[in-house]
Amino acid sequence: MKFSWFEKISFGLLIAAWAIYGSHMLGDTLVHAEELKKPAYAVAMADAAPAKGGAAAVMENAMTMLASATPDKGAKLFKKCKSCHTVAKGGKNTVGPNLWDVVGRAKASAAGFKYSGALTDKGGDWSYADLDAFITSPKAFAKGTKMSFAGLKKAGDRAAMLVYLRSLSDSPKPLP
Ligand code: HEC
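The rules we used
- Residues numbered from 1 in each chain as written.
- Predicted model: local features only at pLDDT ≥ 70, side-chain atom pairs only at ≥ 80, totals over all residues.
- Heavy atoms only, no water.
- Donors = N, O, S within 2.8 Å, 3.2 Å for Na, K, Ca; no water.
- Buried < 20%, exposed > 50% of the residue type's maximum accessible area, 1.4 Å probe, protein only.
- Helix = DSSP H or I, 4+ residues; strand = E, 2+ residues; numbered from the N terminus.
- Expected span 1.5 Å × (residues − 1).
- Core = buried A, V, L, I, M, F, W, Y, C linked by side-chain atoms within 4.5 Å.
- Contact = heavy atoms within 4.5 Å.
- Salt bridge = Lys/Arg side-chain N within 4 Å of Asp/Glu carboxyl O.
- Near = heavy atom within 4 Å.
- Polar contact = N/O pair within 3.5 Å; in protein donor to acceptor, adjacent residues only side chain to side chain.
- Nonpolar A, V, L, I, M, F, W, Y, C, P; charged D, E, K, R; others polar.

*Asks:* How do you make sense of the coordination of the iron atom of the ligand when you look at a structure like this?
*Replies:* Around a metal, the perfect tetrahedron of four donors has angles of 109.5 degrees, and the perfect octahedron of six donors has angles of 90 or 180 degrees. On the protein side, the iron atom of the ligand has H85 (NE2) and M147 (SD) as donor atoms, found 2.0 to 2.1 Å from it. A relative accessible area of 22% means that M147 is categorised as partly exposed.

*Asks:* I tried to follow helix α9 (residues 155–167) on my own but got confused; where do I start?
*Replies:* For the α-helix, the turn length of 3.6 residues means that residues three or four positions removed from each other point alike. Under the 1.5 Å per step criterion, the end-to-end length of α9 is 18 Å for 13 residues, consistent within 8% with the ideal 18 Å. The buried fraction of α9 is high, at 10 of 13 residues. For α9, every residue scored as buried is listed here: A155, D157, R158, A159, A160, M161, L162, V163, Y164 and L165.

*Asks:* Please explain the nonpolar core as it appears in this structure.
*Replies:* Grouped burial of nonpolar side chains is what soluble globular proteins tend to show. If you look at the biggest cluster of nonpolar residues, it comprises 32 residues, and the most contacted ones within it are F78, L119, W126, M161 and L165. Secondary-structure elements contributing two or more residues to this core are α6 (117–120), α7 (128–136) and α9. The element best represented in this core is α9, accounting for 7 residues. When sequence neighbours within four positions are dropped, the list of residues in contact with L165 reads F78, L99, V102, V103 and I135.

*Asks:* Explain the pattern of salt bridges to me, please; I cannot follow it from the model alone.
*Replies:* Any two side chains of opposite charge can pair if their charged atoms end up close together. Here the structure, examined in full by the defined rule, presents 5 salt bridges. K89 is the partner of D170 in a salt bridge, and the nearest nitrogen-oxygen pair spans 2.5 Å. With D170 in the segment after α9 and K89 in the loop between α5 (79–82) and α6, the pair connects residues that are 81 residues apart, well separated along the chain. Like D170, the residue K89 is exposed in the burial classification.

*Asks:* Can you walk me through the site of the ligand in this structure?
*Replies:* As a structural note, the neighbourhood of the ligand is formed by 25 residues, with C81, C84, H85, S116 and M147 the closest of them. Between H85 and the ligand, the recorded distance is 2.8 Å, taken from a side-chain N or O atom to a nitrogen atom. Within the residue set of the shell around the ligand, elements represented by two or more residues are α5 and α7. Of the residues contributing to the shell around the ligand, the split by class is 16 nonpolar, 5 polar and 4 charged.

Pasting the structure below:
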């Protein structure tokens, strides 16, 4: 059997097309199988995040450090807050509101304290994540807040502060 040059080229192209299509299919199959075999992917991402040092990464960092943070360290760091806050149950509001049982408490809800609109407008309860954001930079979290405090920049310090604040309660809220 003899083929013309045109037929040869046509067959050639057809075979090439099949080969490319086939390898795509095969490639897809292999890649899918790979993904399924690798649930460690998400963990690798989490590990990589702090290295980038973005704001979100820093916050996530403090949240992931909660389990290993100690209230004792937080109590020491609270020296920075003492000039404005009492922590005892039924303690007085001073420059700032009393912080007994603040974790999970409705924002801006200490009885008798005159909050700024910045905080009353926020709404919702103080979750660990919101407290973390507020303590990182009060002004960034609640623009116009009366709390004139620069913020705790180290994630480890904030984690310690959060577990300390958590301990100021008759029934501490579960860690996230
Ligand atoms: C210079 C005084 C000052 C310092 C220092 C300070 N705060 Fe405050 N804090 C305030 C004031 C004032 C408010 C009320 C803010 C408003 O109404 O905008 C406040 C509000 C808060 C709230 C919200 C409470 C609520 O009832 O909604 C938390 C939580 C808090 N402070 C934690 C801290 C922590 C933790 C520190 C130390 C790392 C600290 N503060 C340091 C003055 C201060």
